[in-house]
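Survey of secondary and tertiary structure
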Amino acid sequence: MKFGIIGCGSIARNSFAPSLMNSAKTDLVAVCRRDLAGAQAFAADFGGCRAYDSAQDLIADPDIEAVIVSTPPDTHRDYTLAAAAAGKHVLCEKPMARNRGECREMIEACQTAGVRLAVAYRRRVFPQVVEAKRLIAAGAIGKPVCVRTHYSGWGDLSSGAWQMEPGIGGALMEMAVHRLEVLLNLADAEAVAVSAMIDTVHHDWQVDDTDAILLRFDDGRIGVHSTIMTSKPRRDFAQVDGADGRILIQSLEFGGDHIELETPGGVERIEVTPLAAPHFDQPMIEDLVDAADQGREPICDGFMGFRVQAVCDAARAASASGAQVDVEVF
């Protein structure tokens, strides 16, 4: 499948473009950046593909079959709608959009156009998460009763100015969304209500640096997430508690090489094979190709992007009101 990338920032350079170049299922045809010289330099580093300074020109390229939207979140809806109208499949960088309403528009536009929409919550295909899902399905910990995810690190929102912009930046939209997707994936249930504290407790930021979110699912179970951007060193983990044991993902990072299964009989270390740098988006890109060929939804589709954003929207409202807030279901 022939791809174009809108946006030539760090994630495009460090993963999307290398992954497209490395896959036998994809070709990188064109890239786009408002600075044409920057787009041309980027293209030269990745096979000499075409370079545009307009997203509309890239989307109009008749050779392109799918678009990766790798720009700040406040542009995701418009680029996705334009790509869908042109009949292109879309892989959208996270967070999917500014709010759940924009996510809904993106899903409906792609459905109407008959194209596939995937959202790059890349931990969905990390081997440690895939193995955890397999163990849960196999009954290794009995009935799951609680899922929790956590991220700690010292705040550094310096890779893009948008990360410091209220509404689209901050700990919730930059860091927490990844772990909320993992939480929803491992819980395999719909979040229906949220209580939260979304705050700035240390940094001199206009956006949040600390989030604590409590979720209730439609089957009565709970989920817990926290993002703390005021603590060194970096820590990123997930835990699934079951009636008969628990699964510990001690590292949700891209290089994680094992998980732990804890039961009354002891703790078993289960090895997994990490994805190879810098191709950690290759499995998700190839899944989009397969989804388009097979007429199915991608493994992390627009509906999951909506679910994550609906939780974020509810968390903001809950934090502002001090009350539990219902989560909108698509």
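Heads up: the structure comes first, above all this text.
The structure contained in this document is the topic of the report that follows.

What counts, and where the lines are drawn
Residues numbered from 1 in each chain as written. Predicted model: local features only at pLDDT ≥ 70, side-chain atom pairs only at ≥ 80, totals over all residues. Heavy atoms only, no water. Salt bridge = Lys/Arg side-chain N within 4 Å of Asp/Glu carboxyl O. Helix = DSSP H or I, 4+ residues; strand = E, 2+ residues; numbered from the N terminus. Buried < 20%, exposed > 50% of the residue type's maximum accessible area, 1.4 Å probe, protein only. Axes fitted to C-alpha atoms, helices over the stretch in contact; angles between N-to-C directions. Parallel < 35°, antiparallel > 145°, perpendicular 65-115°, else oblique. Left-handed = near helix turned anticlockwise from the far one by under 90°. Contact = heavy atoms within 4.5 Å. Nonpolar A, V, L, I, M, F, W, Y, C, P; charged D, E, K, R; others polar. Expected span 1.5 Å × (residues − 1). Bend = angle between axes of the 7 residues up to and from the residue. 1 Å grid on protein atoms, 1.4 Å probe; cavity = no way out; pocket = protein on both sides within 12 Å on 5 of 7 lines; lining within 4 Å. Points joined across faces, edges and corners; volume = space filled by probe spheres on them.

1. Overview of the pattern of salt bridges
Scanning the entire structure with this criterion turns up 29 salt bridges. A salt bridge links D236 to R123; the shortest N-O distance between them is 3.3 Å. Pair noted here: D236 is in strand β11 (residues 230-242) and R123 is in the loop between β6 (117-119) and α6 (127-137), with a separation of 113 residues, a long-range link. Pair check on accessibility: D236 and R123 agree, each one buried. A salt bridge links R269 to E271, with the nearest nitrogen and oxygen atoms 2.6 Å apart. On the accessibility criterion, R269 (47% relative accessible area) is partly exposed. When salt bridges that share partners are traced, they join R77, D78, R98, E102 and E105 into one network.

2. Brief notes about the packing of helix α5 (residues 100-113) against helix α9 (residues 302-321)
Following both chains from N to C, one finds α5 and α9 inclined at 170 degrees, their axes separated by 8 Å at the closest point. Between α5 and α9, the crossing angle belongs to the class labelled roughly antiparallel. As α5 runs across α9, the sense of the crossing is left-handed. Where α5 abuts α9, its residues R100, C103, R104, I107 and Q111 lie against G302, F303, G305, F306, Q309, A310 and D313. Tallied by class, residues from the contact of α5 with α9 come to five nonpolar, four polar and three charged.

3. Looking at helix α1 (residues 10-22)
The end-to-end C-alpha distance of α1, which contains 13 residues, comes to 18 Å, matching closely the 18 Å that a straight helix rising 1.5 Å per residue would cover. Of all bends in α1, the biggest is about 30 degrees, found at F16, and the proline P18 comes one to four residues later. Looking at the buried side of α1, the elements it contacts are β1 (2-6), β2 (27-32), α2 (36-45), β4 (66-69), β5 (89-92) and α8 (282-294).

4. Looking at empty space enclosed by the protein
Applying the stated criterion to the full structure yields one cavity of 30 Å³ or more. Space inside the largest cavity adds up to approximately 50 Å³. Lining the largest cavity are L184, E190, A191, R307, A310, V311, V327, E328 and V329. If one sorts the elements of the lining of the largest cavity by residue count, α9 sits on top with three residues. When grouped by side-chain class, the residues that make up the lining of the largest cavity number six nonpolar, no polar and three charged.

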